[in-house]
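Observations on the three-dimensional arrangement
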Amino acid sequence: MESKFILVLLASTTGATQCLRAASAMSERLGQKLRLVHVEIGPRAIVLPSQEQLSEYEVEHLAERERAETEKLQEIVAEWKRSNGALAEFDLYKGDEWRVMRHYRKSASMVILAAPHAQPIGHREGLRAALLRTRHPVVMVPPAWEGSFARRLVIGWRDIPPLRRALAAFAPFLASAEQVEVLAVDQEESVLEGARAAIEPIAAGAAYRVVASEGRKTATVLLDAAAACHADGLVMGAFRRGEILNWLVPGTSSRLISSSALPLLMRR
């Protein structure tokens, strides 16, 4: 049976370099190979709110854009391999990311991808496909991210199954981090006992505290606290209310995904 690998979904050139940099660090930490994938989106994968189908001009423009992105990504990957001596297969598909992600449901251990809102139309569903449909742990990398990865981690604590699954999935990073800070937003001090019981076996030196939101959104509180301690990763349980409800009424997960300036280490 083939060993599992870390899948790097390169939706476009936006954020591709950052994803590859994070992937190198993750591969070294986990001792797993990398596999890269890019999907050229076809017109049937595009649904515009203003019209039922693309015009002939739009279809032609989309095809040209997708071909150009593929060529640029191949150049970026080739340069990354030359610079880092990296070895990784690069799979190219045509179609849509929802269907392609199903190919890797059982073979990938986790998925790395760039923030979806920064991607071109047609490439914004990769995170939902990986996190909600194939149920992989996901590392989402902001396109402008610079610096280290997973040396100083923040955990947004809430005693829910998705977060406990995230702790298990990212335990190697928590165990090796120089600093781990556990934040419980608008909760009683007593919840920290459960947090310690879950986290101390993984990250023995973690610090724990309760933070008051003072009228701010939970996502804002977590991101402000992460910036204050110069964190380079936020571990979180994602979409605890379910896919449909979060689509109708965006919650903390959606706000973090759209606003975070540091990598998010997520598990559904």
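With that settled, consider the overall build of the protein chain. In terms of regular secondary structure, the protein chain is built from 10 helices and 10 strands. Computed over C-alpha atoms, the radius of gyration of the protein chain comes to 19 Å, within 12% of the 18 Å expected from 2.2 N^0.38 for 268 residues, which places it in the range of a compact globule. If you line up the protein chain on its principal axes, its C-alpha atoms span 60 × 45 × 35 Å. Every one of the 268 residues in the protein chain was classed for burial, and the buried ones make up 50%. The contacts of the protein chain with a sequence gap of at least 6 include a subset with a gap of at least 24, amounting to 80%.

Along strand S6 (residues 152-156), 4 of the 5 residues are buried, which leaves the element largely enclosed by surrounding structure. In this sheet, strand S7 (residues 179-185) lies alongside S6 in parallel orientation, the contact comprising 5 bridges. Along S7, the bridge assignment pairs Leu153 with Val180. The sheet contact formed by S6 and strand S9 (residues 233-237) spans 3 bridges and is parallel. Looking at S9, one finds that Ile155 is bridged to Val235.

The next point concerns helix H10 (residues 252-259). Looking only at H10, the buried set comprises Ser253, Leu256 and Ile257. For H10, the angular spread of the buried residues around the axis is 100°, confining them to a single face. Residues of H10 that are buried make contact with helix H4 (126-133), strand S5 (138-141), helix H8 (218-228), S9 and strand S10 (264-267).

So, on to the packing of aromatic side chains. Under the counting rule described, the total for this entry stands at 5 aromatic pairs. With 6.1 Å between their ring centres and 75° between their planes, Trp145 and Phe149 make a pair best called edge-to-face. Comparing Trp145 with Phe149 shows no difference in burial state: the two are buried. Take Phe149: its relative accessible area is 11%, and that puts it in the buried class. An aromatic cluster is defined as three or more aromatic residues linked by ring pairs; in this entry it consists of Trp145, Phe149, Phe170 and Phe173. Over the ring of Trp145 we find Arg21; its NZ or CZ atom is 4.3 Å from the centre of that ring.

With that out of the way, let us pick up the pairing of strand S1 (residues 5-9). Burial analysis of S1 places 5 of its 5 residues in the buried class, the great majority of the element. Bridge count for S1 against strand S4 (residues 108-114) is 5 bridges, and the pairing is parallel. Following the sheet pairing, Leu9 is matched in S4 by Leu113. Sheet topology places S1 next to strand S2 (residues 34-41); 4 bridges connect them, and they run parallel. Opposite Ile6, over in S2, you have Leu34 as the bridge partner.

For the structure on display, the rule yields 11 salt bridges. Residue Glu146 pairs with Arg21 through a salt bridge whose shortest N-O separation is 3.4 Å. Of this pair, Glu146 sits in the loop between S5 and S6 while Arg21 is found in helix H1 (residues 16-30), placing the two residues 125 residues apart along the sequence. The class for Glu146 is exposed, based on a relative accessible area of 57%. Residues Arg209 and Glu181 are paired through a salt bridge, measuring 2.4 Å at the closest nitrogen-oxygen approach. Of this pair, Arg209 sits in strand S8 (residues 207-211) while Glu181 sits in strand S7, and the two are 28 residues apart along the sequence. Given a relative accessible area of 37%, Arg209 falls into the partly exposed group.

Cut-off values and rules
- Residues numbered from 1 in each chain as written.
- Predicted model: local features only at pLDDT ≥ 70, side-chain atom pairs only at ≥ 80, totals over all residues.
- Heavy atoms only, no water.
- Helix = DSSP H or I, 4+ residues; strand = E, 2+ residues; numbered from the N terminus.
- Rg over C-alpha atoms; globule rule 2.2 N^0.38 Å.
- Buried < 20%, exposed > 50% of the residue type's maximum accessible area, 1.4 Å probe, protein only.
- Contact = heavy atoms within 4.5 Å.
- Pairing = 2+ DSSP bridges.
- Arc of directions from axis to C-beta.
- Phe/Tyr/Trp six-rings, centres within 6.5 Å; stacked < 30°, edge-to-face > 60°.
- Lys NZ or Arg CZ within 6 Å of the ring centre and 35° of its normal.
- Salt bridge = Lys/Arg side-chain N within 4 Å of Asp/Glu carboxyl O.

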